[in-house]
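In case you want the letters, here they are:
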Amino acid sequence: MRLLVTGASGYLGWHLVRYLAACGHQVLGCWASREVRFPDAESARLDVRDADACRALVNQWRATHIIHAGAMTKTDECERDPNAAQAVNVDGTRHLLEAAERADSHFTLVSTDLVFDGRRPGGMYPVEEQGGPDEPRPVMEYGRTKLAAERIVRDYMARGGAAAVVRSALIYGPPGAPRPCFLEWLLRNIREARGAVFTDEYRSPVFVGDLCRLLERVATRRATGLWHASGPERLSRYEFALLAADAAGLPRERVIGRRQADVALDAPRPADVSLDISATCAAFDWHPLPCRDGLRVALSELSGA
Ligand SMILES: NC(=O)c1ccc[n+]([C@@H]2O[C@H](COP(=O)([O-])OP(=O)(O)OC[C@H]3O[C@@H](n4cnc5c(N)ncnc54)[C@H](OP(=O)(O)O)[C@@H]3O)[C@@H](O)[C@H]2O)c1
């Protein structure tokens, strides 16, 4: 297996390249603006807005599998510059998928829970049936571009293409990646009793190690379809912060809760985008950690951050 991973300079991609290399695969980790190097994997620059560059690199690496984790991920930036978000998240996915098709590479798109509007009572969105009540209706530009990217991949699958979409929830884990995950920011805020976390925004956070394991299984099996990939629990950001405080031995009183309505945001946030992962767990024998356990693992590497 020769894997090409985009977003290798980002939080998930950086962990994923290292995990895949540790599994014994040959891996090319691609960065766009911030160069990264890996001890056991190759790395190269790739801007997915450049269709020719996508084709050339996929051919040159003789990629048998592509995992597309690179994206414009900051929701507020996407809101302020929707054309840029379209160019990276939508056109970029199309370019890389076309390169995958020509090279007969399996393609996995990493998507997001933020394709949903968060209005499903009690959340826990199942993988939607077409035309059903749980169809994605993004409320922000980031979610709209990621959904448009999903549709490109789903059209390809409908034509018999070897591809999958893995919708991730909020990702947490240990530090070390070139871009920090929100857990580092959260713990700093709790230590200093500043910042605030929403009491009325629900997600089902996933431990990065579990997500890497799933992505490896999806790729190695050349699986197709749409899969939800979150942790097993629905938690508000505030509840997650309390667990993080417990795991870090910090007083719970330092966690400040706020309601979304009390904070000015550029991009609107859906209230509850927790995911139902039962189909993914059954298909891939996948058992992601509850947050209490995932946080313990993450924090064992976070001491001093
Ligand atoms: N983090 C989460 O909680 C979360 C939740 C759900 C879904 N996801 C999805 O998971 C994936 C990874 O997210 P992340 O948070 O790990 O990302 P991240 O840390 O924000 O990093 C973004 C990555 O995308 C790359 N990128 C940006 N523009 C690019 C371009 N034009 N061409 C190629 N690569 C480009 C960046 O490269 P440079 O830095 O080198 O420019 C960087 O490696 C994304 O697809 C995201 O939508 C993330």
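In this report, the structure presented in the accompanying data block is examined. Worth saying up front: this structure is predicted, and the values here are computed from it rather than measured.

## Thoughts on the sheet that holds strand E11 (residues 225–229)
Then step 1. Taken together, the 7 strands give an open sheet; going across it, the order is E3-E2-E1-E4-E5-E6-E11, and neighbouring strands pair in parallel fashion. Because the sheet does not close on itself, it has two edges, and the strands there are strand E3 (42–45) and E11. For this sheet, the mean angle separating the axes of adjacent strands, direction not counted, is 20 degrees.
Then step 2. Looking at chain direction, strand E1 (residues 2–6) and strand E2 (residues 26–31) are connected through 5 bridges and run parallel. Across the sheet, the residue bridging to Val 5 is Gly 29, located in E2.
Then step 3. Running at roughly 155 degrees to strand E6 (residues 163–168), helix H5 (residues 141–158) makes contact with strand E5 (106–112), E6 and E11 of the sheet.
Then step 4. Those strands touched by helix H7 (residues 208–220) are E1, strand E4 (65–68), E5, E6 and E11, and its axis lies near 170 degrees from that of E6.

## Considerations on the environment of Glu 79
Then step 1. With respect to the helices and strands, the residue Glu 79 is situated in helix H3 (residues 75–80).
Then step 2. Measuring from C-alpha to C-alpha, the distance between Glu 79 and Gly 143 comes to 10.0 Å, with 64 residues separating the pair along the chain.
Then step 3. Setting aside anything within four residues of it in sequence, one finds Glu 79 in contact with Met 140, Glu 141, Arg 144, Asp 266, Ala 267 and Pro 268.

Cut-offs used in this document
Residues numbered from 1 in each chain as written. Predicted model: local features only at pLDDT ≥ 70, side-chain atom pairs only at ≥ 80, totals over all residues. Heavy atoms only, no water. Pairing = 2+ DSSP bridges. Helix = DSSP H or I, 4+ residues; strand = E, 2+ residues; numbered from the N terminus. Axes fitted to C-alpha atoms, helices over the stretch in contact; angles between N-to-C directions. Contact = heavy atoms within 4.5 Å.

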